[in-house]
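Listed here are the chains, written in short residue letters.
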Amino acid sequence: MTSMRQDKALAQARALLERIPLLDGHNDLPWVIRIDREARGDIAAYDLRREHQSGDTDIPRLREGLVGAQFWAAFQPTSAPHPARTALEQIDLIRRMEDLYPDVFLPARRAGDVAKARRAKKIASFIAVEGGVGLENSLSPLRIWQAAGARLMTLCHNESLDWVDSATDKPRVGGLNAFGCAVVGELNRLGMVVDCAHVSHDGQRRVLDVTAAPIVLSHSNAFALCDHPRNAPDDVLRRLKDNGGLVMATFVPGFISQKLRDWLAHSRGRTGAAPVVADPKAALAALETQHGPAPRATLEELADHIVYLVATAGIDHVGIGSDFFGGAQPLGLEHVGRFPHLFAELIHRGFSDGALAKIASRNFLRAMREVERVGERLRKEKGPALGRLEDYPAT
């Protein structure tokens, strides 16, 4: 394609994202700040007002990328000590980020806050808890997290828990057990979005069986194009139409490129998830030293996934969930300032402004509003779900 065509499509994409807020479903900046050797969780020391060339997310490039709303992940590895405490510390870090930059971030707790942020020329800041390990097999923390501002929960991370199977670990409970169903039910009652991005395929199917509200896969691609177990199979994608939820295309290279996935599996001597490491780029460089250059995932390959997701799940059930985390990114999507370039590529693929508006944020906000409505109804019908894992029958 010619440079003139590229420039025209990019200008069209930027004009669209000036009108329609871009909502990104997943970013791990809070964990990056926590493990930064100098900042160690001190947001002022990390200084989001400057560009971090060794990273991928900061205020200047969020502005460049025309990000209108961001879900920040309160993430911790499943093996982290003191998981309940760490979950609260990560929620606190996000809230401190909102407090330190009130001219940039508007604390967002409802779908309608995205429009408020837009009018104030701010970025709507949402809190997501990534991984149910912080529950420590109790339902009570869900209500504390919700009271602290969390509005989405990714049920697990790379490892299976006592109540839900991870996509990248051995199954332990057949997808989701009775306590896991209670977690989903309480999230529904609280008006929090249930996120199955890291859940096994059988677990995703079980969640779809029991949820009363739309779910999301906040950072997953199409399994048919790249057979990483973190990606969504066709039957789950099709079920999103009836559920009202959505899959949010992710930028993780190993979830985009089958060639890279095969290379990584061979180089690591196994399949499944990569270990959580302090310096993902250094870890990849170490593998390349041993095994030669890795194939590079590209923006264009990600667009292939989006085209497939739309064809399978429908245009009303696809969004964007970058999963920027300080690691290697696809060619063309190196940092948060590059979102318009992805939309320019989708324009070249024939997507209309109306379709792109749905992908940018309208699909997610429609689903979130329904989650809120379901929560309001359920809270009138029943009280909080109580108990711990041992109080629920084994299945």
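Anything mentioned here points back to the structure above.
Before going into details, it helps to say that this report is about the structure given with it.

Definitions and cut-offs
Residues numbered from 1 in each chain as written. Predicted model: local features only at pLDDT ≥ 70, side-chain atom pairs only at ≥ 80, totals over all residues. Heavy atoms only, no water. Helix = DSSP H or I, 4+ residues; strand = E, 2+ residues; numbered from the N terminus. Rg over C-alpha atoms; globule rule 2.2 N^0.38 Å. Buried < 20%, exposed > 50% of the residue type's maximum accessible area, 1.4 Å probe, protein only. Contact = heavy atoms within 4.5 Å. Polar contact = N/O pair within 3.5 Å; in protein donor to acceptor, adjacent residues only side chain to side chain. Salt bridge = Lys/Arg side-chain N within 4 Å of Asp/Glu carboxyl O. Expected span 1.5 Å × (residues − 1). Arc of directions from axis to C-beta. Pairing = 2+ DSSP bridges. Phe/Tyr/Trp six-rings, centres within 6.5 Å; stacked < 30°, edge-to-face > 60°.

### Here's the deal with the overall build of the protein chain
Of the regular secondary structure elements, the protein chain holds 16 helices and nine strands. Taken against the 2.2 N^0.38 rule, which gives 21 Å for 395 residues, the C-alpha radius of gyration of the protein chain at 20 Å falls within 12% of a compact globule. Counting only C-alpha atoms, the protein chain reaches 65 × 50 × 45 Å along its principal axes. Looking at the protein chain as a whole, 59% of its 395 residues are labelled buried.

### A few points about the environment of R296
Relative to the elements of secondary structure, R296 occurs in the loop between α13 (280-291) and α14 (299-313). Residues R296 and G254 lie 42 residues apart in sequence; the distance between their C-alpha atoms is 9.1 Å. What R296 contacts, discounting residues up to four positions off in sequence, is E301, Q329, P330 and L331. Of the polar contacts made by the side chain of R296, one reaches the backbone oxygen of Q329; its length is 3.1 Å.

### Details of the pattern of salt bridges
This model, assessed by the stated rule, comprises 23 salt bridges. Residue R85 pairs with E89 through a salt bridge whose shortest N-O separation is 3.6 Å. In this pair, R85 and E89 are both assigned in helix α5 (residues 83-100), four residues apart and thus about one turn of the helix distant. Overall, the relative accessible area of 49% leaves R85 in the partly exposed class. In this structure, D316 and K358 form a salt bridge, with 2.7 Å as the shortest nitrogen-oxygen distance. Placement of the pair is D316 in the loop between α14 and β9 (318-320) and K358 in helix α16 (residues 353-381), with a sequence separation of 42 residues. By relative accessible area, which is 32% here, D316 ends up partly exposed. Taking relative accessible area as the criterion, K358 reaches 29% and is therefore assigned partly exposed. Linked by salt bridges that have partners in common, R34, R85 and E89 make up one network.

### Section: the environment of G319
Tracing the backbone through its elements, the reader meets G319 in strand β9. Using a relative accessible area of 2% as the deciding quantity, one classes G319 as buried. As for G319 and M248, which are separated by 71 residues in sequence, their C-alpha atoms are 4.2 Å apart. The residues touching G319, leaving out its near neighbours within four places in the chain, are L246, V247, M248, A249 and I359.

### Quick word on α5
Spanning 18 residues, α5 covers 25 Å between terminal C-alpha atoms, matching the ideal 26 Å at 1.5 Å per step. Three or more residues of α5 are buried, namely P83, T86, A87, Q90, I91, L93, I94, M97 and E98. Down the axis of α5, the buried set is contained in an arc of 145°. They therefore lie on one face. Check the buried side of α5 and you find it contacts α2 (29-35), α3 (43-46), β2 (67-75), β3 (105-107), β4 (123-130) and α7 (140-147).

### Here's the deal with the pairing of β4
Successive side chains on a regular strand alternate, one facing one side of the sheet and the next facing the other. Taking burial as the measure, the eight residues of β4 include eight buried ones, the bulk of the element. On β4, burial covers both faces: I123, S125, I127 and V129 on one face and A124, F126, A128 and E130 on the other are all buried. Here β2 runs beside β4; their pairing, made up of seven bridges, is parallel. Among the inter-strand pairings, A73 is bridged to a residue of β4, identified as A128.

### A look at unusual backbone geometry
Where the residue is not glycine, phi is negative for most of them; where a peptide bond is considered, it is trans in most cases. Its identity is not glycine, yet H82 carries a phi of approximately 55°, on the positive side. A relative accessible area of 46% places H82 in the partly exposed class. Of note, K121 is a non-glycine position whose phi angle comes to about 60°, a positive value. Positionally, K121 belongs in the loop between α6 (113-119) and β4.

### Considering the packing of aromatic side chains
Applying the stated criterion across every chain yields a total of ten aromatic pairs. Consider the rings of W72 and F105, whose centres lie 5.9 Å apart with planes at 90°: the pair is edge-to-face. With a gap of 33 residues between them, W72 in strand β2 and F105 in strand β3 connect regions that are remote in the sequence. Across this residue pair, the class does not change: W72 and F105 are buried. Each ring, one from F251 and one from F339, has its centre 5.6 Å from the other, and the planes form 50°; the classification is tilted.

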